[in-house]
Amino acid sequence: MNAFIWLFDTVVQLFIYVLIASAVLSWLVAFNVVNVRNPIVAQIGEVLYRITEPVLRPIRNLLPNLGGVDISPIILILLLLFVSRLLHEFVPAQTYVYTR
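Scoring rules and cut-offs
- Residues numbered from 1 in each chain as written.
- Predicted model: local features only at pLDDT ≥ 70, side-chain atom pairs only at ≥ 80, totals over all residues.
- Heavy atoms only, no water.
- Helix = DSSP H or I, 4+ residues; strand = E, 2+ residues; numbered from the N terminus.
- Polar contact = N/O pair within 3.5 Å; in protein donor to acceptor, adjacent residues only side chain to side chain.
- Contact = heavy atoms within 4.5 Å.
- 1 Å grid on protein atoms, 1.4 Å probe; cavity = no way out; pocket = protein on both sides within 12 Å on 5 of 7 lines; lining within 4 Å.
- Points joined across faces, edges and corners; volume = space filled by probe spheres on them.
- Nonpolar A, V, L, I, M, F, W, Y, C, P; charged D, E, K, R; others polar.
- Salt bridge = Lys/Arg side-chain N within 4 Å of Asp/Glu carboxyl O.
- Buried < 20%, exposed > 50% of the residue type's maximum accessible area, 1.4 Å probe, protein only.

Novice: Before we move on, can you summarise the side chain of serine 72 with the specific residues and values?
Specialist: Residue placement: serine 72 occurs in helix H3 (residues 72-90). Side-chain polar atoms of serine 72 contact the side chain of aspartate 70, separated by 2.7 Å. Apart from the residues within four sequence positions on either side, serine 72 is in contact with Leu56, Ile59, Arg60 and Leu63.

Okay, structure coming up:
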């Protein structure tokens, strides 16, 4: 069972990194730091959008309009960390008893 918890934690951690990368890229695009006409930047943005948008869209629909500030990635990160901690809390760690 510990292998599944480790796998879940790893996937959650990777998804959090993807969420952060998506938020940073959106800020860089909004402030015209990166050129979205560059094919590499456009591809990276498209991949990040396709990975994160299906999860962020329901959260954005629930949130009120905050005047252009999008806090849905922060809420999703907190929710993912909560679920991860909850899983650690309710799934007992395996203890091994060595006998000779």
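Next comes the rest of the write-up.
Novice: Explain the layout of surface pockets to me, and be specific about the residues and the numbers.
Specialist: Put simply, the largest pocket is a space of about 500 Å³. Lining of the largest pocket is provided by 26 residues; of these, Ser22, Ala23, Ser26, Trp27 and Pro73 occupy positions nearest its centre. At the level of elements, helix H1 (2-30), helix H2 (39-62) and H3 are the ones that each hand at least two residues to the lining of the largest pocket. Its residues assigned to classes, the lining of the largest pocket shows 18 nonpolar, 5 polar and 3 charged.

Novice: Explain the pattern of salt bridges residue by residue, including any values.
Specialist: One pass over the structure, following the stated rule, counts 4 salt bridges. Of the charged contacts, one joins glutamate 53 and arginine 57 as a salt bridge, the two residues approaching to 3.8 Å between their closest N and O atoms. One end of the pair, glutamate 53, and the other, arginine 57, are both in helix H2, 4 residues apart, so they sit about a helical turn from each other. Among the residues examined, glutamate 53 registers a relative accessible area of 10% and is labelled buried. Overall, the relative accessible area of 42% leaves arginine 57 in the partly exposed class. In this structure, arginine 60 engages glutamate 53 in a salt bridge whose closest nitrogen and oxygen atoms are separated by 2.5 Å. In this structure arginine 60 comes out as partly exposed when scored by relative accessible area, which is 30%. It is possible to trace a salt-bridge network through shared partners that takes in Glu53, Arg57, Arg60 and Asp70.

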